[in-house]
Amino acid sequence: MSKNQIKKDVSTRTRRGIIDLLKEQGGMDVVALSSQFSLSGMAIRQHLNALKEEGLVMNVEESRPMGRPAKLWVLTPAANRFFPSGYSDLSVSLIHSIKEAFGNEGLDKLLDVRNKNMQEQYLQHLGGISDIREKLEKLAEIRTIEGYMAEVKTQDDGSFLLIEKHCPICEAAAVCTGLCKNELHLFQTVLGNNVHIERGEYILAGGRNCIYTVRKNKP
């Protein structure tokens, strides 16, 4: 392999790494990216500019309590193609076809069947776990395998955040809101009645993530 090809491969891996990190962490400045990749600021800027030319990243400013706004790099919607899409085109086409053939009532019945099957699958993995934190960790693991890039964070008040950083069914959910509505019910069912779940940030509403707050019910 020639030196030029090796250099090109390294650049490709680095740029994909930047895309993955921005998806994971959200907006980051050049200094933070440089530390993650052990590269100079100049080298990182070259990669970012190349990604910007492809329409995959862009600059935004974030206000800070003191000093100038921070200049951050974030992904554009075009970067979603690097992450699982759940066969979005086919899913959207099928949703439209089901609506046309069976109406909204038929679509709702199909979603009920899908939700029931997912409940059974999730409960097989979570059924033997009693600790809510362990349940959430297992749920996040399952969702990550499905493409949602999920993680769990503990809050100071003892509640938990289930954070999903990617939505592999986003295009389908945009034309079928029942998919997202069913997910909230799905989580409540598999986590049990001893917790309360509510969704705050929401990707389809313009949020960067889908974030669910999970609190234990008072005895």
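Use the structure listed above.
The sections below set out a description of the structure shown in this document. (Residues numbered from 1 in each chain as written. Predicted model: local features only at pLDDT ≥ 70, side-chain atom pairs only at ≥ 80, totals over all residues. Heavy atoms only, no water.)

Further remarks concern the overall build of the protein chain. Check the secondary structure of the protein chain and you find 7 helices and 6 strands. Beginning at the N terminus, the succession of helices and strands in the protein chain can be written as α-α-α-β-β-α-α-β-β-α-α-β-β. For the protein chain, the residues scored as buried account for 40% of the 219 residues in total. Within the protein chain, contacts between residues at least 6 apart in sequence are counted, and of these 47% link residues at least 24 apart. Carbon together with sulfur atoms contributes 52% to the accessible area of the protein chain, which is approximately 13300 Å² in total. (Helix = DSSP H or I, 4+ residues; strand = E, 2+ residues; numbered from the N terminus. Buried < 20%, exposed > 50% of the residue type's maximum accessible area, 1.4 Å probe, protein only. Contact = heavy atoms within 4.5 Å. Areas by Shrake-Rupley, 256 points an atom, 1.4 Å probe, with all protein chains shown as cover.)

Let us look at the packing of aromatic side chains. Scanning all chains against the criterion turns up 1 aromatic pair. With a centroid separation of 5.0 Å and an interplanar angle of 85°, the aromatic rings of Phe 187 and Tyr 212 are classed as edge-to-face. With Phe 187 in helix 7 (residues 178-191) and Tyr 212 in strand 6 (residues 210-216), the pair connects residues that are 25 residues apart, well separated along the chain. Judged on exposure class, the residue Phe 187 and its partner Tyr 212 are both buried. Note that Arg 143 overlies the ring of Tyr 148, its terminal NZ or CZ placed 3.7 Å from the centroid. Residue placement shows Arg 199 over the ring face of Tyr 202; its charged tip is 4.4 Å from the ring centre. (Phe/Tyr/Trp six-rings, centres within 6.5 Å; stacked < 30°, edge-to-face > 60°. Lys NZ or Arg CZ within 6 Å of the ring centre and 35° of its normal.)

Let's shift gears to the nonpolar core. Counting residues in hydrophobic clusters, the biggest one holds 35 residues, and the most contacted among them are Tyr 122, Leu 162, Leu 179, Phe 187, Leu 191 and Val 214. When residues of this core are traced back to their parent elements, those giving at least two are helix 4 (88-126), helix 5 (132-145), strand 3 (150-154), strand 4 (160-164), helix 6 (170-175), helix 7, strand 5 (195-199) and strand 6. For this core, the element with the highest residue contribution is helix 4, accounting for 7 residues. If we skip the residues at most four places from it in the chain, Val 214 touches Ile 132, Leu 136, Ser 159, Phe 160, Leu 191, Val 195, His 196 and Ile 197. Of all hydrophobic cores here, the second largest spans 17 residues; its members include Ile 18, Leu 21, Ile 44 and Met 149. (Core = buried A, V, L, I, M, F, W, Y, C linked by side-chain atoms within 4.5 Å.)

Looking now at the sheet that holds strand 4. The sheet built from 4 strands is open, its strands ordered 3-4-6-5 with antiparallel pairing. Only two strands of the sheet have a single neighbouring strand rather than two, namely strand 3 and strand 5. Averaged over all pairs of adjacent strands, the angle between strand axes in this sheet comes to 20°, irrespective of strand direction. Looking at chain direction, strand 5 and strand 6 are connected through 5 bridges and run antiparallel. Across the sheet, residue Glu 198 finds its bridge partner in strand 6, namely Thr 213. Each of strand 3, strand 4, strand 5 and strand 6 touches helix 5; the most contacted strand, strand 3, lies at about 160° to it. (Pairing = 2+ DSSP bridges. Axes fitted to C-alpha atoms, helices over the stretch in contact; angles between N-to-C directions.)

Function-wise, these values are silent; they only describe arrangement.
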